[in-house]
Amino acid sequence: NTYRSAPDIEFLLLYNDLLLVPGTAYADSAKAKFDARVATYGSATALAEYIRDQRGVTQGYPNGIIAWDIGTWVRAAAMLAVRYPADPNNYAQAATDMAEVLWQDSFNSNPGLFDVVADAGWDPTYTDVNFWWYTLGVSGLINAFDASGSHTAEIPGLVTRLWDSQYPTGAVSFSYGANAGDEDWQSTAYAVMALAQLDQSAHQTTINHMAYWIGATQDTSGGWEYGDDTHYPEIGSEN
């Protein structure tokens with residue numbers, strides 16, 4: 001198959017773990033696809049930089065979608081490192097290298113496309129794209145630093161930013177700060193996953209609160225519908 005997304009790689013690795021038969025065919029497939037993506041760009045760093053610039057410059061989204069996307073690749077590399085620790089491709093280093101691209105961008109203004117401080121804003125008209133997907137980006141940074149084991153000193157502050165963006169209902173906002181009318185299913189679902197992967201027992205109460213809101217807002221159809229009756233299967237699957 002020609003899949004190229006990091007969640008596909010994660011899925012195949014986890015699927016292989018659950019198989020009650022010998023062999024690593026699915027994990028090997030995931031490994032081959034990861035290797036091919038890195039080879040296309042020359043290094044893990046270059047792959048992460050490509051995603052950063054494609055999202056932030058070419059597509060015009062200098063915001064949290066950058067960290068959200070790259071964070072999944074860091075996590076995939078870290079999962080490969082566990083399964084192939086002696087591989088010459090050194091997946092642990094790949095995870096660290098991609099996480100470094102995120103840290104440089106988000107904390108060191110290099111180039112500063114998704115700056116966790118400058119982009120922690122709110123525009124009720126949603127005209128300023130810099131504020132879009134903020135909490136998704138924070139979840140991606142938590143994933144990246146936790147999975148790679150690098151820049152872990154930033155994680156407590158990032159968790160606080162998620163808390164700052166949580167409503168009394170349990171929902172998490174799309175932009176920073178839990179402003180009125182900005183509740184977002186996708187952001188909430190990824191915050192749940194990021195906190196659970198970081199330390200589920202420590203964050204169980206917060207996770208329960210977020211998950212309760214997701215369940216409480218489910219439509220009788222089984223999906224999650226907006227006020228104009230539209231719904232998106234991707235968001236439903238994430239919930």
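Anyway, here's the lowdown on the structure attached to this text. (Residues numbered from 1 in each chain as written. Predicted model: local features only at pLDDT ≥ 70, side-chain atom pairs only at ≥ 80, totals over all residues. Heavy atoms only, no water.)

Let us look at the overall build of the protein. The helix and strand inventory of the protein stands at ten helices and two strands. Mapped from its N terminus to its C terminus, the protein presents α and β elements in the order α-α-α-α-α-α-α-β-β-α-α-α. For a compact globule of 239 residues, the expected C-alpha radius of gyration is about 18 Å, and the protein comes in at 18 Å, within 12% of that figure. C-alpha extents for the protein along the principal axes are approximately 50 × 45 × 35 Å. Counting all 239 residues of the protein, 46% fall into the buried class. Considering only intrachain contacts with a sequence separation of at least 6, the fraction spanning at least 24 residues in the protein is 61%. Summed over its atoms, the accessible surface of the protein is roughly 11200 Å², and 54% of this surface lies on carbon and sulfur atoms. (Helix = DSSP H or I, 4+ residues; strand = E, 2+ residues; numbered from the N terminus. Rg over C-alpha atoms; globule rule 2.2 N^0.38 Å. Buried < 20%, exposed > 50% of the residue type's maximum accessible area, 1.4 Å probe, protein only. Contact = heavy atoms within 4.5 Å. Areas by Shrake-Rupley, 256 points an atom, 1.4 Å probe, with all protein chains shown as cover.)

Turning our attention to the packing of helix H3 (residues 44-58) against helix H5 (residues 91-107). Remark: H3 packs on H5, axes separated minimally by 8 Å, with the N-to-C direction vectors making an angle of 35°. Judged by the sense of rotation from one axis to the other, the crossing of H3 with H5 is right-handed. Residues Ala44, Thr45, Leu47, Ala48, Glu49 and Arg52 of H3 lie in contact with H5, whose contacting residues are Ala94, Asp97, Met98, Val101 and Asp105. Here the residues of the contact of H3 with H5 are counted per class, giving six nonpolar, one polar and four charged. (Axes fitted to C-alpha atoms, helices over the stretch in contact; angles between N-to-C directions. Left-handed = near helix turned anticlockwise from the far one by under 90°. Nonpolar A, V, L, I, M, F, W, Y, C, P; charged D, E, K, R; others polar.)

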